[in-house]
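# Coordinates in review
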Amino acid sequence: MIWIAGAGSVLLLVLVAIGLVDLIRNRHKMETHQVVIWAIVIVLIPVIGLVSYLLWRLARSDAMQGSMEFQKDYSGKSEPYPPIGR
């Protein structure tokens, strides 16, 4: 039974490492204080910090931003969007 706790700890360490590596790779897209805050949150509150960081990154991704801009452009139109078959 003790091996479950050990495996959970190893999995948690791997997830924290992945989160920190991703944070380091994408630090040029954020302000310095944002990087510091996310690093502290990921280290101090690993599970909640990692999940919230990844969801925050998803919301700020280029694909999400493009989708939001597309929706703004076509939100006033009476036609359903996206226009398919044109």
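### Describing a nonpolar patch on the surface
A cluster of nonpolar side chains, namely Leu-12, Val-36, Ile-40, Val-43, Leu-44, Ile-45, Val-47, Ile-48, Val-51, Leu-55 and Leu-58, defines an oily patch on the protein surface of about 1,000 Å² accessible area. Looking at the nonpolar patch, the element that brings in the most residues is helix H3 (residues 46-59), giving five residues. On the basis of relative accessibility, which here comes to 52%, the residue Val-47 falls in the exposed class.

### As for the nonpolar core
Within soluble globular proteins, side chains that are nonpolar generally end up buried alongside one another. Core analysis: the largest hydrophobic core is formed by seven residues, namely Val-16, Leu-23, Met-30, Val-35, Trp-38, Ile-42 and Tyr-53. Of all elements in the fold, only helix H1 (2-25) and helix H2 (32-44) reach the threshold of two or more residues within this core. Broken down by element, this core gets its largest block of residues, three residues, from H2. With sequence-adjacent residues up to four places away left out, Val-16 is seen in contact with Ile-42 and Pro-46.

### Considering H3
Quick reminder: α-helices carry 3.6 residues per turn. Residues three or four places apart thus point the same way. The terminal C-alpha atoms of H3 lie 20 Å apart, and with 14 residues this matches the ideal 20 Å at 1.5 Å per residue to within 8%. Turning to H3, its buried residues are Pro-46, Gly-49, Leu-50 and Tyr-53. Looking down the long axis of H3, one finds its buried residues gathered within 95° of arc, a one-sided arrangement. The exposed set on the far side of H3, more than 90 degrees from its buried face, consists of Val-47, Ile-48, Leu-55 and Leu-58.

Cut-offs used in this document
- Residues numbered from 1 in each chain as written.
- Predicted model: local features only at pLDDT ≥ 70, side-chain atom pairs only at ≥ 80, totals over all residues.
- Heavy atoms only, no water.
- Patch = residues over 30% accessible without salt bridge, like charges linked within 9 Å, V, L, I, M, F, W, Y side chains within 5 Å.
- Areas by Shrake-Rupley, 256 points an atom, 1.4 Å probe, with all protein chains shown as cover.
- Salt bridge = Lys/Arg side-chain N within 4 Å of Asp/Glu carboxyl O.
- Helix = DSSP H or I, 4+ residues; strand = E, 2+ residues; numbered from the N terminus.
- Buried < 20%, exposed > 50% of the residue type's maximum accessible area, 1.4 Å probe, protein only.
- Core = buried A, V, L, I, M, F, W, Y, C linked by side-chain atoms within 4.5 Å.
- Contact = heavy atoms within 4.5 Å.
- Expected span 1.5 Å × (residues − 1).
- Arc of directions from axis to C-beta.

Shape descriptors only; they carry no functional weight alone.
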